[in-house]
Amino acid sequence: MSSLPLTVLGAKRLGEELNQLKTVERPAVIEAIAEARAQGDLSENAEYDAARERQGFVEGRIKELEGVLSNATVIDPTQLDVGDRIVFGATVSLEDLESGEVVKYQIVGDLEADIKKNLISVSSPVARGLIGKSEGDIILIRVPSGEREFEVLEVVYI
């Protein structure tokens, strides 16, 4: 597995999820399996099957998160000396020059991306079009609906 970039906040969120799985979810699943076993015949025990399935999910997610966090490169955007250029971790305000709509995105690692929270993946078309640009630049970005022209209004690192 190659090194994956993560913001400090993204690494913290994944670490918290891992901790929750290990300290709360895993013991709860073990308890559910023990209770289901105590009911007797396992061949027709739906509670046992559900608990075992949940255990498989929890253990798989723990393994995945441990792998990601051990191979991650955590980048603190506030410590970068890039001037006003857009790089990984930047929070960028853009104005769609056609509609006048202003949007704000933070460029994050693939595993942190969540468009509902305006966190876009560094490998997304929008982020790739923004990398290296500065405030005031006009950029043309190819999106699923076609090409859109944006002006970079603000670049901050938080």
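Just above, that's the structure.
Residues numbered from 1 in each chain as written. Predicted model: local features only at pLDDT ≥ 70, side-chain atom pairs only at ≥ 80, totals over all residues. Heavy atoms only, no water.

A few words now on helix α1 (residues 8-38). Helix length check: α1 (31 residues) gives 44 Å between terminal C-alpha atoms against 45 Å at 1.5 Å per residue, within 8%. Its maximal kink placed at Leu 21, α1 deviates by approximately 35°. Here α1 has its buried residues at Gly 10, Ala 11, Leu 14, Leu 18, Leu 21, Val 29, Ile 33 and Ala 36. Gly 40 sits one or two positions beyond α1 and adopts a positive phi of about 105°. (Helix = DSSP H or I, 4+ residues; strand = E, 2+ residues; numbered from the N terminus. Expected span 1.5 Å × (residues − 1). Bend = angle between axes of the 7 residues up to and from the residue. Buried < 20%, exposed > 50% of the residue type's maximum accessible area, 1.4 Å probe, protein only.)

What follows covers the pairing of strand β7 (residues 146-156). Where strand β3 (residues 91-96) meets β7, 6 bridges bridge the pair, whose relative direction is antiparallel. Within β7, the residue paired with Asp 96 across the bridge is Phe 150. Judged from the 6 bridges that link them, strand β6 (residues 138-143) and β7 form a sheet pairing that is antiparallel. Residue pairing across strands places Ile 141 opposite Arg 148, the latter belonging to β7. Taking the residues that link successive antiparallel strands as the turn, the β6-β7 hairpin has 2 residues. (Pairing = 2+ DSSP bridges.)

The next thing to look at is the side chain of Ser 124. The topology assignment puts Ser 124 in the loop between β5 (119-121) and α3 (125-130). A polar contact of 3.2 Å, which involves the side chain of Ser 124, links it to the backbone nitrogen of Ala 127. (Polar contact = N/O pair within 3.5 Å; in protein donor to acceptor, adjacent residues only side chain to side chain.)

This part is about the sheet that holds β3. An order of β5-β4-β3-β7-β6 is seen for the 5 strands of this open sheet, with the pairing classed as mixed. This sheet does not close on itself; its edge strands, each paired only once, are β5 and β6. Adjacent strand axes in the sheet meet at a mean angle of 45° when their direction is disregarded. Two elements, β3 and strand β4 (residues 102-108), share 5 bridges in a ladder whose sense is antiparallel. Paired with Ser 93 across the strands is Lys 104, a residue of β4. (Axes fitted to C-alpha atoms, helices over the stretch in contact; angles between N-to-C directions.)

A separate point is the pattern of salt bridges. For the coordinates displayed, the defined rule picks out 8 salt bridges. The partner of Glu 17 in a salt bridge is Arg 61, and the shortest N-O contact between them spans 2.7 Å. Separated by 44 residues along the polypeptide, Glu 17 in helix α1 and Arg 61 in helix α2 (residues 46-71) bring together distant segments of the chain. (Salt bridge = Lys/Arg side-chain N within 4 Å of Asp/Glu carboxyl O.)

With that settled, the discussion passes to the packing of α1 against α2. Packing of α1 against α2 brings their axes to within 9 Å, and their N-to-C directions diverge by 155°. The pairing of α1 with α2 is recorded here as roughly antiparallel in orientation. Where α1 crosses over α2, the handedness of that crossing is left-handed. (Parallel < 35°, antiparallel > 145°, perpendicular 65-115°, else oblique. Left-handed = near helix turned anticlockwise from the far one by under 90°.)

Just geometry here; none of it tells us what the structure is for.
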